[in-house]
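Chains, contacts and geometry: an overview
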Amino acid sequence: MSRSAPLPSSDPSADSGAPQTPVYITTPIYYVNDKPHIGHAYTTIVADYLTRAHRLLGRPAFFLTGTDEHGARIAQVAREHGIKPQEWCDRHSEHFRAAWKRLDVAYDQFIRTTDKRHVDGVRRMLERMHAATVPDGKPVIYEGIYTGLYCLGCEKFITEKELVDGLCPSHLTAPQKLTEKNYFFRLSAFLPQVERLINENSIRILPEERRREVLGLFKQGLEDFSISREKVDWGIPLPFDPSQNAYVWVDALPNYITAVGYGDDPESFARWWTQGTVIHLMAKDILKFHAVYWPAMLLSIGEAVPDQIFIHGYFTVNGQKMSKSLQNAIDPNLLVDRFGTDGTRYLLLTQFPFGQDGDVKADLFIRQFNADLANDLGNLVSRAVTLIERHFEGRRPPGGASQPIDNEQRQQAESCGKRFAAAIESLAPHDAIGAGIDLVRAANRYLEKTQPWSLAKENDLARLGTVLNTAVESIRVAAIILSPILPSKSRLILATLGFTDPEAELNRQGLSGWDRCPGPFHLEAPIFPRMDKVALPSMEKALMSEPTAVAGENVITVDQFRQTQLCTAEVISAEKIAGADRLLKLQIALGEERRQIVAGIAQHYKPEDLVGRTIVVVANLQPATIRGIASQGMLLAASNGPTLRLITTDGPIDSGSSIG
Ligand code: ME8
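What the four strands build is an open sheet, ordered β6-β5-β7-β9; its pairing is antiparallel. A single partner strand is all that each edge strand has here, and the edge strands are β6 (156-158) and β9 (225-226). Note: strand β7 (residues 176-185) against β9, two bridges, orientation antiparallel. Within β9, the position partnered with F185 by the bridge is F225. Those strands touched by helix α11 (residues 287-300) are β6, β7 and β9, and its axis lies near 35° from that of β7.

Next up on the list: the site of the ligand. Near the ligand lie 24 residues; those nearest to it are I29, T43, D68, D285 and F315. One of the backbone nitrogen or oxygen atoms of Y31 is found 3.0 Å away from an oxygen atom of the ligand. In the model, a nitrogen atom of the ligand is placed 2.7 Å from a nitrogen or oxygen of the D68 side chain. Put simply, the parts of the chain that give the shell around the ligand at least two residues each are β2 (23-31), α2 (38-56), α8 (248-252), α9 (255-258) and β13 (277-283).

On to the sheet that holds strand β10 (residues 228-229), then. What the three strands build is an open sheet, ordered β10-β12-β11; its pairing is antiparallel. Each having just a single partner strand, β10 and β11 (237-238) make up the two edges of the open sheet. In this sheet, strand β12 (residues 241-246) lies alongside β10 in antiparallel orientation, the contact comprising two bridges. By the bridge assignment, S228 is partnered in β12 with A246.

Right, let's get into helix α15 (residues 429-450). Counted at 1.5 Å a residue, the expected span for α15 with its 22 residues is 32 Å, and the 32 Å between its end C-alpha atoms agrees. Note on α15: the residue one or two positions beyond its end, Q451, has a positive phi of about 50°.

Moving on, we come to the domain arrangement of the protein chain. Under the domain assignment, the protein chain is made up of domain 1 (23-312), domain 2 (337-506) and domain 3 (564-659). Look at where the C-alpha atoms of domain 1 and domain 2 centre, and you get two points 40 Å apart. Across the contact, 27 residues belong to domain 1 and 27 residues belong to domain 2. Summed over both partners, the interface of domain 1 with domain 2 buries about 2500 Å², with 69% contributed by carbon and sulfur atoms. If you sort the residues of domain 1 by the area they bury against domain 2, Y42, Y49 and L56 come out on top, with a joint share of 29%. Along the contact surface separating domain 1 from domain 2 lie four salt bridges. Joining domain 1 to domain 2, the criterion identifies seven residue pairs in polar contact (both at pLDDT 80 or more). Of all the secondary-structure elements, those providing two or more residues to the side of domain 1 that touches domain 2 are α2, β13 and β14 (308-312). For the side of domain 1 that touches domain 2, the class distribution of residues is 18 nonpolar, three polar and six charged.

A few words now on the packing of aromatic side chains. Tallied over the full model, the rule gives 26 aromatic pairs. Pairing Y30 with W100 gives two aromatic rings, centres 6.1 Å apart and planes at 65°, and the pair type is edge-to-face. Residue Y30 is located in strand β2, and its partner W100 is located in helix α4 (residues 85-102); the two are separated by 70 residues in the primary sequence. Exposure class is identical for Y30 and W100. Each is buried. Among the aromatic side chains, those forming a connected cluster through ring pairs are Y24, F62, Y256, W272, W273 and W294. Here R97 stacks its cationic end above the ring of F110, 5.0 Å away from the centre of that ring. Looking at K489, its charged tip hangs above the ring of F528, at a distance of 5.0 Å from the centre.

About the thresholds
- Residues numbered from 1 in each chain as written.
- Predicted model: local features only at pLDDT ≥ 70, side-chain atom pairs only at ≥ 80, totals over all residues.
- Heavy atoms only, no water.
- Pairing = 2+ DSSP bridges.
- Helix = DSSP H or I, 4+ residues; strand = E, 2+ residues; numbered from the N terminus.
- Contact = heavy atoms within 4.5 Å.
- Axes fitted to C-alpha atoms, helices over the stretch in contact; angles between N-to-C directions.
- Near = heavy atom within 4 Å.
- Polar contact = N/O pair within 3.5 Å; in protein donor to acceptor, adjacent residues only side chain to side chain.
- Expected span 1.5 Å × (residues − 1).
- Domains from an automatic or database assignment.
- Buried area = accessible area lost by both parts, 1.4 Å probe.
- Salt bridge = Lys/Arg side-chain N within 4 Å of Asp/Glu carboxyl O.
- Nonpolar A, V, L, I, M, F, W, Y, C, P; charged D, E, K, R; others polar.
- Phe/Tyr/Trp six-rings, centres within 6.5 Å; stacked < 30°, edge-to-face > 60°.
- Buried < 20%, exposed > 50% of the residue type's maximum accessible area, 1.4 Å probe, protein only.
- Lys NZ or Arg CZ within 6 Å of the ring centre and 35° of its normal.

Printed below as a string of structure tokens:
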């Protein structure tokens, strides 16, 4: 196999073999009072994408996600459901893990704030904070009385000014008035240092408008914050006063350090936290906690602050915030049912540039899936590989003389590789994915211009071989740089190009030193089969986690449909039911089994017309009693106003045959 170096990295150290700084990538830990929606999925897939991309560029990476499980709100939700908070957390944390599994999210660790290791780590941090003093000798933690308005939904105190008509604007609920003894964190003592670190980009906040927003907070003034709660019993007791539990944010933020060994694994902690490049990803809702409180907490215990905080945009659906109460949260599992794992990852990450807000129009998903994945990428692979199979028996075509257009296409592949690497460095996943798709489109244009179909007709096999070799090399590079977003389809494409161990190919680390496509080339089935436009007025309705049932618009998944067992049945006898002029009582056979059903078809069919006919019934319906008569199933009929017609088969078939 010949070696080539088609993808020089933008980072020279990748090629020199010098060790690279490890990257530590985190998502927020999600509250377990909700099920995962595409907002959570977005942050998590971006983190997964960046982790895979950094590894591809030869850099060690660690990816952390998890769930935030303590606090008054979780305790309240569990109480409302009549179960213990821990049981609630176990169940709901699992929803997140299950969703990430379906989305092929390969985290290195899934942390739960109820993990013993995390609890021990938080107590360790609080002990150190409690023992610490600020430069003028005052303690970092002090006791005080807090009176304020507390929003359970936000798990934070809110001011009168923030209320709209007396309600929290995010949750539309009235806050509680709380007065209690609390411990406070002397934030004021750390503000100048945190502001300086942000100003000099030691803590880099991206995008720029978010950095300005945070710097604006320092100007408005920020107050010391309370770190404990007296009346909340679902939390971590303060080591220096067990009558109080840690405030949920003081418990949640340190997950980033407890996960990598704060206080119990110095080697791992130094590698990922102290010496690594720490990148926190999140949306704007929790910026203040991460950009101000968290660095101040870390400074108070003498630990390193995060390097980068990236604030991505907010998904809205038809202009509205996604929320449980509005029933407009799109369930990522339903997207996977429809578009597959890689398709969903691609659609979510390409909705809008990383950092910008965006309104999701799920109705456009099918169009984009077909355009980018089925047409551009899928067709490119199938065109090139099919021609190689047809004209070179699937073997790698012999190389011929290159023309300028071939060299241009090779350069295109090289520059897309560089663009990918540069986009990853500058935290622009949207552009990094764009580099892969642009290469695919360039390769399609190259085929349009070089017309391999005509070359085949003219039997110009030398030129045909050069064109196809050039095309498959571009496909190879595109598959590599798209692999962080399309993990399994990229491997499938590499296998189609003849790589026997695509996984090993992608695990080489670093973009140089790749093998050319070895062949044999073989396309088993389309990489991304085109998706039919489903006959739905609104795709969005179909994707909501709790769909509102609107006749004709309600949608179920294939799996849900399969839960309904339909089968053929033969009508053995039929009779009217006295006093019920719409009902007939039927005795039916489902293979060997006999059943009785009651059907509302008396005004459309005479009993004698039904005997001997094959009908379709729902066989796994819970038995019901209708007008005092047992009914063990339901027959299917089509109706339209006054007309009703039985559903039947278009030829003879045994009763009890399954329908699907
Ligand atoms: O805030 N669009 O958890 P959370 C995009 N437990 N991203 C969205 C989104 C949307 N509409 N909605 C949510 C918490 N997200 C705390 C975090 S961290 C120490 C503690 C994503 O379940 C986005 O990443 O409310 C946002 O920051 C996060 O979910 C909030 O998740």
